[in-house]
Amino acid sequence: QVQLVESGGGLVQVGGSLRLSCAASGRTFTSYAMGWFRQAPGKEREFVAAVDWSGGSTYYADSVKGRFTISRDNAKNTVYLQMSSLKFEDTAVYFCAANRGIFSVAAGYYDYWGQGTQVTVSS
């Protein structure tokens, strides 16, 4: 099994930047593709970004493309989400997830989930 712990969330101004981290422990981190999802109040959990096991391939939701960057450091067992040009609609709880298969937009492919970290974008 894999344990995932997100950190780095907080309050940020519109147009600002924030960097989220997800630390992994337990089973071999390098065997997993990783994804970031988010969930706003009253809404379904939404795909944000994904990265394959090597960090060489990435995929982004259209809503964050060009503003967010996903990356991973396998030596540190950590995946990151760099968020820039933040908008009000980016406000949500952000979750990282581990996928034993190919990186995917679908939440059902992910085997392990973190507890989430709150990101609030305000004026």
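Residues numbered from 1 in each chain as written. Predicted model: local features only at pLDDT ≥ 70, side-chain atom pairs only at ≥ 80, totals over all residues. Heavy atoms only, no water.

> What is the right way to look at the nonpolar core in this model?
Generally speaking, nonpolar side chains in soluble globular proteins are found buried as a group. Met-34, Trp-36, Leu-81, Met-83 and Tyr-94 are the most contacted members of the largest nonpolar core, which totals 35 residues. Elements represented by at least two residues in this core include exactly strand E1 (2-7), strand E3 (18-26), strand E4 (33-39), strand E5 (46-51), strand E7 (68-73), strand E8 (78-83), strand E9 (92-99) and strand E11 (117-122). (Core = buried A, V, L, I, M, F, W, Y, C linked by side-chain atoms within 4.5 Å. Buried < 20%, exposed > 50% of the residue type's maximum accessible area, 1.4 Å probe, protein only. Helix = DSSP H or I, 4+ residues; strand = E, 2+ residues; numbered from the N terminus.)

> What exactly am I supposed to notice about the environment of Gly-15 here?
Among the structural elements, Gly-15 can be located in the loop between strand E2 (10-13) and E3. Separated by 47 residues in the primary sequence, Gly-15 and Asp-62 have C-alpha atoms spaced 18 Å apart. Look past the residues within four positions of Gly-15 in its chain and what remains in contact with it is Ser-85 and Leu-86. (Contact = heavy atoms within 4.5 Å.)

> Help me understand the pattern of salt bridges in this model?
Should the charged atoms of two oppositely charged side chains come close, the side chains can pair. Scanning the model with the defined rule gives four salt bridges in all. Glu-46 is the partner of Arg-38 in a salt bridge, and the nearest nitrogen-oxygen pair spans 2.9 Å. On the basis of relative accessibility, which here comes to 4%, the residue Arg-38 falls in the buried class. Look at Glu-46 and you get partly exposed, because its relative accessible area is 33%. Beyond isolated ion pairs, a larger network of salt bridges with shared partners links Arg-38, Glu-46, Arg-67 and Asp-90. (Salt bridge = Lys/Arg side-chain N within 4 Å of Asp/Glu carboxyl O.)

> I keep staring at the sheet that holds E7 and nothing clicks. Help me out?
Strand pairing in a sheet relies on backbone hydrogen bonds, with the paired strands running either antiparallel or parallel. Ordered by their spatial adjacency, four strands build an open sheet running E1-E3-E8-E7, and the pairing between neighbours is antiparallel. On the outer flanks of this sheet lie E1 and E7, each paired with one strand and no other. Direction aside, the axes of adjacent strands within the sheet are offset by 15° on average. The pairing of E7 with E8 spans six bridges and is antiparallel. Residue Asp-73 lies in a different strand from E8, and its bridge partner there is Thr-78. (Pairing = 2+ DSSP bridges. Axes fitted to C-alpha atoms, helices over the stretch in contact; angles between N-to-C directions.)

> Help me understand unusual backbone geometry, please; the structure alone is not making it clear to me.
Unusually for a residue other than glycine, Asn-77 sits at a positive phi of about 55°. Relative to the elements of secondary structure, Asn-77 occurs in the loop between E7 and E8. A residue is classified by how much of its surface remains accessible, and Asn-77, at 32% relative accessible area, is partly exposed. Of note, the phi angle at Ser-85 is positive, near 50°, even though the residue is not glycine.

> Please explain the side chain of Asp-52 as it appears in this structure.
Secondary-structure assignment places Asp-52 in the loop between E5 and strand E6 (58-60). Polar contacts involving the side chain of Asp-52 include one to the main-chain amide nitrogen of Gly-55, which spans 2.8 Å. Apart from the residues within four sequence positions on either side, Asp-52 is in contact with Ala-33, Ser-57, Arg-72 and Phe-103. (Polar contact = N/O pair within 3.5 Å; in protein donor to acceptor, adjacent residues only side chain to side chain.)

> Where do I start with the environment of Gln-3 in this structure?
Topologically, Gln-3 is positioned in strand E1. With sequence-adjacent residues up to four places away left out, Gln-3 is seen in contact with Ala-23, Ala-24, Ser-25 and Gly-26.

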